[in-house]
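Coordinate inspection notes
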Amino acid sequence: MRLENKVAIVTGAGSGFGEGIARRFAEEGARVIVNDIHAAGAERVAAAIRKGGGTAESVRADVALSDDWAAMVKAALGAYGRIDVVVNNAGWTHRNKPFLEVTEEEFERVYAVNVRSIFLSSQHVIPVFRKQGGGCFVNIASTAGVRPRPGLTVYNSSKGAVITFSRSLAAEMGPHKIRVNVVNPVFSPATGLAADFAGGSLTPEVQAKFVATIPLGRPSTPLDVAHACLYLASDEAAFISGVCLEVDGARCV
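Below is a short write-up of the structure. The structure displayed is predicted, hence computed values, not measured ones.

**Let's talk about the packing of helix α1 (residues 16-27) against helix α8 (residues 222-233)**
In a pair of packed helices, the angle between the axes and the distance between the axes together describe the arrangement. Orientation of α1 relative to α8, taken along the N-to-C sense of each, is 50°, at an axis distance of 8 Å. One element, α1, and the other, α8, form an angle in the oblique class. Between α1 and α8 the crossing geometry is right-handed. Together, G16, F17, G20, I21, R24 and F25 of α1 and P222, L223, V225, A226, H227, C229, L230 and A233 of α8 make up the contact between the two elements. Of the residues that constitute the contact of α1 with α8, the class distribution is ten nonpolar, three polar and one charged.

And the structure:
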């Protein structure tokens, strides 16, 4: 098993990409902390993992709050004694609309969930990693941070910030054997944000327009993203740090 005996925190794991990542990690032997801001979703996924023979605990936490991160790290250490991998998957977006219609409150929330969460996870987990002699972050950004779509300027810029933050942190933390990588998924109807990306309604016609921009001819799936995260979290990627892996069917080419 590729993650046997490793402990992984996966944020936003109550549905969508996060659920796919948590389930796939558990299949490969990881002991998983399933985080979500919605306790019921987190516990549903953790229970499904346990029912399938895996090991998982659910932790309700808001990734934009420092105290919640402190509690989540404490819960992971209390349950499993260590942390090897953190997948920062939780995210949020404003609805697709002209930039001048985006409110200050929407801007603040996008940056709190998408960027501040990365800062907070790093602040709280890096001391644990350094004490253990290493660890890794897999931060979920987006193709929006590489090839932006109109109507999502604030969201796009937040994902660009995640990419630069991650690369810089990889360079700074390398001497401590801490790896930091990024996965950039393309549009997926499987996420709770899909309708907002589409401007409020994910009709077959709107979905077809998104898919038309993807050379491989289909949207991404939670399993596509989970496989990329699995590689980056595994020992097979022991010398991989500071990279952005597009899971996008050649959208960003």
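**Focus on the side chain of E106**
Locating E106 in the fold gives a position in helix α4 (residues 104-132). Non-local contacts of E106, meaning those with residues more than four positions away in its chain, are made with W92, H94, K97 and E101.

**As for the environment of Y111**
Take Y111: it is sitting in helix α4. According to the relative accessible area criterion, Y111 is partly exposed, its value standing at 22%. Along the sequence, Y111 and A90 sit 21 residues apart, while their C-alpha atoms lie 12 Å from each other. Those residues in contact with Y111, other than ones at most four positions away along the chain, are R116, V154, S157 and S158. A distance of 2.7 Å separates polar atoms of two side chains, one belonging to Y111 and the other to S157.

**So, unusual backbone geometry**
A positive phi is found at N5, a non-glycine position, where the angle reads about 70°. Mapped onto the secondary structure, N5 falls in the segment before β1 (7-10). Residue N5 is classed as exposed on the basis of its relative accessible area of 53%.

**Description of the state of the cysteines**
Within the structure shown, the criterion is met by zero disulfides. In this model C244 remains outside any disulfide bridge; the closest cysteine sulfur is found in C252, 10 Å from its own. Overall, the relative accessible area of 18% leaves C244 in the buried class.

Calculation rules
- Residues numbered from 1 in each chain as written.
- Predicted model: local features only at pLDDT ≥ 70, side-chain atom pairs only at ≥ 80, totals over all residues.
- Heavy atoms only, no water.
- Axes fitted to C-alpha atoms, helices over the stretch in contact; angles between N-to-C directions.
- Helix = DSSP H or I, 4+ residues; strand = E, 2+ residues; numbered from the N terminus.
- Parallel < 35°, antiparallel > 145°, perpendicular 65-115°, else oblique.
- Left-handed = near helix turned anticlockwise from the far one by under 90°.
- Contact = heavy atoms within 4.5 Å.
- Nonpolar A, V, L, I, M, F, W, Y, C, P; charged D, E, K, R; others polar.
- Buried < 20%, exposed > 50% of the residue type's maximum accessible area, 1.4 Å probe, protein only.
- Polar contact = N/O pair within 3.5 Å; in protein donor to acceptor, adjacent residues only side chain to side chain.
- Disulfide = S-S within 2.5 Å.

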